Amino acid sequence: MDYTAADTRYAEMPYRRCGRSGLRLPAVSLGLWHNFGDDRGLDGQRAILRRAFDLGVTHFDLANNYGPPPGAAESNFGTLFARDFRPYRDEIVVSTKAGYDMWPGPYGEWGSRKHVLSSLDQSLRRLGLDHVDVFYSHRPDPDTPLAETMGALDTAVRSGKALYVGISNYSAEQTREAAAILAGLGTPLLIHQPAYSIVNRWIEDGLQDVLDEVGAGSIAYSPLAQGLLTDRYLSGIPADSRAAGASPFLSADGITEDTLRRVRALDEVARRRGQSLAQLAIAWVLRGGRVTSALVGASSVAQVENSVAAVRGLDFDAEELAAIEKISLG
């Protein structure tokens, strides 16, 4: 079936300026980390992407290694982009990353110029695009000079293969240094992509201040803590959950009875606000405007709809924030 985007796609979604740039991102962006590999059918992926765009989600985030297998998410997105979204290319922000293990040998991962630029070329072929809007260094490389990695990002922009550049999983001090190098090259740091949620607040210990200082935006991945901050865990650990499946990002051993007690308490706050727990978690990450966008995953259209509905309730009163703070910090 041919796809025509909904005329109402910009009716509800707020768009936030990314740092000091002119680029605005939707408050909720869609990440293709999970659910867009070859283990999922294209029809389901297509339905998710269509519904997201119809709801104003204009930013789709990928990386070279997303799958399974690595590269599959970019290839599948490229197929569906060509079928449905090419007429809307100028309304869409596509991002991808380099840095994690992708091919055999010494150049298949990390932050060397060789890896970063080769990876970008591979990503563009899989995506079927001549450029991406944002290209990231996915993780800092302890063995490559930061100037080399940032120089490769600068080259990506100067070659026309990326419009903006970002970093992910960098510490506050690494971020400050990366931003300074990029500024010296004339290619500003647009954005940082860190993990951030009610139960993972590490960016509050310096990184947010650095981003304000250097004028970069932020997009928080895992705002739902790999599904922990959803209604799936309210009654314990489901047999088909990531935690039960020994996910490296969410383990059953780490989900104690105290953790579940906190999740249930957060759910009570959400219910008083007229939100689902997932909506509360997304809204909390976006509170105050310091985070540009919350990056969510989805395995169904219903999950997309539930996540995007969080933008209807982004304001918190002092009592609600205090309650969440007490639950989060103990």
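Residues numbered from 1 in each chain as written. Predicted model: local features only at pLDDT ≥ 70, side-chain atom pairs only at ≥ 80, totals over all residues. Heavy atoms only, no water.

Engineer: Any chance you could explain the overall build of the protein here in plain terms?
Structural biologist: Secondary structure assignment for the protein yields 10 helices and 10 strands. A compact globule built from 330 residues should have a C-alpha radius of gyration of about 20 Å, and the protein, at 19 Å, falls within 12% of that. Along the first, second and third principal axes, the C-alpha atoms of the protein reach 50 × 50 × 40 Å. In the protein, which comprises 330 residues, the share counted as buried stands at 56%. Sequence-distant contacts, at least 24 apart, represent 75% of the contacts inside the protein between residues at least 6 apart. Total accessible area computed for the protein in this model is approximately 14100 Å², and 50% of it derives from carbon and sulfur atoms. Side chains of the protein carry 34 positive and 41 negative charges; the gap between the two charge centres is 2 Å. (Helix = DSSP H or I, 4+ residues; strand = E, 2+ residues; numbered from the N terminus. Rg over C-alpha atoms; globule rule 2.2 N^0.38 Å. Buried < 20%, exposed > 50% of the residue type's maximum accessible area, 1.4 Å probe, protein only. Contact = heavy atoms within 4.5 Å. Areas by Shrake-Rupley, 256 points an atom, 1.4 Å probe, with all protein chains shown as cover. Lys, Arg positive; Asp, Glu negative; His and termini not counted. Charge placed at Lys NZ, Arg CZ, Asp CG, Glu CD.)

Engineer: So what exactly am I meant to see when it comes to the pattern of salt bridges here?
Structural biologist: Note that side chains of opposite charge can pair when their charged atoms are close. For the structure shown, the criterion picks out 23 salt bridges. In this structure, the salt-bridge partner of glutamate 305 is arginine 51, at a minimum N-O distance of 2.8 Å. Of this pair, glutamate 305 sits in helix α9 (residues 301–308) while arginine 51 sits in helix α1 (residues 42–54), and the two are 254 residues apart along the sequence. The exposure class assigned to glutamate 305 is partly exposed, which follows from its relative accessible area of 33%. Here lysine 161 ties to aspartate 121 by a salt bridge, and the two come within 2.7 Å at their closest N and O atoms. Here aspartate 121 lies in helix α3 (residues 113–127) and lysine 161 lies in the loop between α4 (146–158) and β7 (162–168), a separation of 40 residues in the sequence. Under the relative-accessibility criterion, lysine 161 is labelled partly exposed at 29%. The exposure class assigned to aspartate 121 is partly exposed, which follows from its relative accessible area of 27%. Linked through salt bridges whose partners overlap, the residues forming this network are Arg201, Glu204, Arg287 and Glu325. (Salt bridge = Lys/Arg side-chain N within 4 Å of Asp/Glu carboxyl O.)

Engineer: Quick question: what am I supposed to make of the packing of helix α2 (residues 72–85) against α3 here?
Structural biologist: A packed helix pair is summarised by two numbers, namely the angle formed by the two axes and the spacing between the axes. One can describe the packing of α2 onto α3 by two numbers: an axis separation of 7 Å at closest approach and a directional angle of 40 degrees. Classed by the angle they form, the pair α2 and α3 counts as oblique. Contact with α2, carried on its side by Glu74, Ser75, Phe77 and Gly78, involves Ser123, Arg126 and Leu127 of α3 and no other residues of that element. Looking at the contact of α2 with α3 residue by residue, the class counts come to 2 nonpolar, 3 polar and 2 charged. (Axes fitted to C-alpha atoms, helices over the stretch in contact; angles between N-to-C directions. Parallel < 35°, antiparallel > 145°, perpendicular 65-115°, else oblique. Nonpolar A, V, L, I, M, F, W, Y, C, P; charged D, E, K, R; others polar.)

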